[in-house]
Amino acid sequence: MSNHGPSLKTYVAVFVALLLLTMVTYSAAFMDFGSHRLNVVVALGIAVVKATLVVLFFMHVKYNERLVSVFVVAGFAWLALLIVGTLHDYWTRGWLGQ
Amino acid sequence: MSEHAAAAHPRLQHHFDSLEQQKDASVLGMWTFMVTEIMFFGGLFLVYAVYRVMYPESFAVASRELDIPLGLINTIVLIGSSFTMAMGVRSAAFGRRRGAALWLVLTALLGLVFLGVKVGEYQHKFEHHLVPGEGRFAPDHIPAEHHRGAEAYFSLYFAMTGLHATHMIIGIPILLVLAVSAYRGRFSRSYSTPVEMFGLYWHFVDIIWIFLFPLLYLIDPSRHH
């Protein structure tokens, strides 16, 4: 039972990757991508990669049963639906909230 | 595993067939709780998204009041605490008493460092009249036309970092209780579920911060630092 988790090497590798990605987030925040909107996309993209690393390795989801993955994906998918659905409205109807 | 051997384990509850089944149930139950936590914080992230779409410039201007180096240090501290937490779970799963206790105490200490930095940041905001509220919100450096959006920004700043910090304040005493349990030899190769379940909670708190750092601190690309 105790051998289900990742190896020590994997833990250290994930830790280093998270630190490097933090520095990338920091540097990318001040880069000129042509549009400020792209900075948001890059920042959120990196955050999603970092969160995925934490979920898969630190939280052992990669090593758990499939059913756990279904719960995790369902949770985040519903959150995405909530945010995308609402923003869809705010973006396409300029008079909202004015 | 024979029924006899399984029944002999003191941690096995009578309604489970085996320790493995019992642990799988705990993992799924804990993840169910984590999904409710996703929705709990998710509501705040949604409100943030809506207000940022409504007041993009005001959010950028307001974010200049935050100290990026402090936010960066806290991000590194929290990722560090996630690593020590993972090591604590691993040590407990190998039945290492002292190792598990040490990693868990280290995790609590890093949590306290994070909260200490946060206290300093909050204090700065109170001193500079950046706390939302009637007659209280009076920032010196933010132009009047941005006050409305900036106040929304700081409402969200305090709500999101406050809820996040509350989770850590709840987590640290639990970490210390687990460290004592580990030191007393409560966890072994066959049973370390409490440490592993708490690990899920602590890592989740780390994930929230991974999103809060760029969304609150790194909004303004033109900012000189």
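This structure is a prediction, so every number in the text was calculated from the model and none was measured. (Residues numbered from 1 in each chain as written. Chains lettered and ligands numbered in written order. Predicted model: local features only at pLDDT ≥ 70, side-chain atom pairs only at ≥ 80, totals over all residues.)

Is there a simple way to think about the overall build of chain B in this case?
Of the regular secondary structure elements, chain B holds seven helices and zero strands. Overall, chain B shows an N-to-C arrangement of helices and strands of α-α-α-α-α-α-α. Along the first, second and third principal axes, the C-alpha set of chain B runs to 75 × 30 × 30 Å. With 225 residues in all, chain B has 39% of them scored as buried. (Helix = DSSP H or I, 4+ residues; strand = E, 2+ residues; numbered from the N terminus. Buried ≥ 20, exposed ≤ 12 C-beta atoms within 10 Å, placed from the backbone.)

Explain the interface of chain B and chain A here, please?
Many analyses report the size of an interface as the accessible area lost when the parts associate. On the chain A side, the residues contacting the 39 residues of chain B number 38 residues. At 17 residues, helix α2 (residues 19–54) of chain B tops the list of elements feeding residues into the side of chain B that touches chain A. Counted by class, the side of chain B that touches chain A contains 28 nonpolar, six polar and five charged residues. (Contact = placed C-beta atoms within 7 Å. Nonpolar A, V, L, I, M, F, W, Y, C, P; charged D, E, K, R; others polar.)

I tried to follow the packing of helix α1 (residues 8–28) of chain A against helix α4 (residues 68–93) of chain B on my own but got confused; where do I start?
Packed helices, taken two at a time, are described by their axes: the angle between them and the distance between them. α4(B) packs onto α1(A) with a crossing angle of 165° between their chain directions and a minimal axis gap of 10 Å. In terms of axis orientation, α1(A) runs roughly antiparallel to α4(B). The element α1(A) and its partner α4(B) pack so that their crossing is right-handed. Contacts between α1(A) and α4(B) pair Tyr11(A), Phe15(A), Leu18(A), Leu19(A), Thr22(A) and Tyr26(A) from the former with Leu72(B), Thr75(B), Ile76(B), Ile79(B), Phe83(B), Ala86(B) and Met87(B) from the latter. In the contact of α1(A) with α4(B), the residues fall into eleven nonpolar, two polar and no charged. (Axes fitted to C-alpha atoms, helices over the stretch in contact; angles between N-to-C directions. Parallel < 35°, antiparallel > 145°, perpendicular 65-115°, else oblique. Left-handed = near helix turned anticlockwise from the far one by under 90°.)

Just checking my understanding: could you explain the nonpolar core for this structure?
A general feature of soluble globular proteins is that nonpolar side chains tend to end up buried together. Ranked by size, the top nonpolar core spans 76 residues in total, and within it Ala100(B), Leu104(B), Tyr153(B), Ala182(B), Val195(B), Ile208(B) and Leu212(B) carry the most contacts. Elements with a minimum of two residues in this core: α1 and α2 (36–58) of chain A together with α2, α3 (56–63), α4, α5 (97–127), α6 (147–183) and α7 (193–217) of chain B. Not counting chain neighbours up to four residues away, the residues in contact with Val195(B) comprise Gly88(B), Val89(B), Ala92(B), Ala100(B), Leu178(B), Ala182(B) and Phe187(B). (Core = buried A, V, L, I, M, F, W, Y, C linked by C-beta atoms within 7 Å.)

Would you mind going over the confidence of the model for chain B with me for this structure?
For any part of a model where pLDDT is low, the fine detail of the predicted coordinates should not be relied upon. Per-residue confidence for chain B averages 94 on the pLDDT scale, and 96% of its residues sit at or above 70. Highest mean pLDDT in chain B belongs to α7(B) (98); lowest belongs to helix α1 (residues 3–8) of chain B (54). (pLDDT = per-residue confidence, 0-100.)

Where do I start with the packing of α4(B) against α7(B) in this structure?
Residue and element names in this part refer to chain B. Between α4 and α7, whose axes approach to 10 Å, the crossing angle comes to 165°. In terms of orientation, α4 lies roughly antiparallel with respect to α7. In terms of crossing hand, the pair formed by α4 and α7 is left-handed. The segment α4 lies against α7, with Ile68, Gly71, Thr75, Leu78, Ile79, Ser82, Met85, Ala86, Gly88, Val89 and Ala92 engaging Val195, Glu196, Gly199, Trp202, His203, Asp206, Trp209, Phe213 and Tyr217. Here the residues of the contact of α4 with α7 sort into twelve nonpolar, six polar and two charged.

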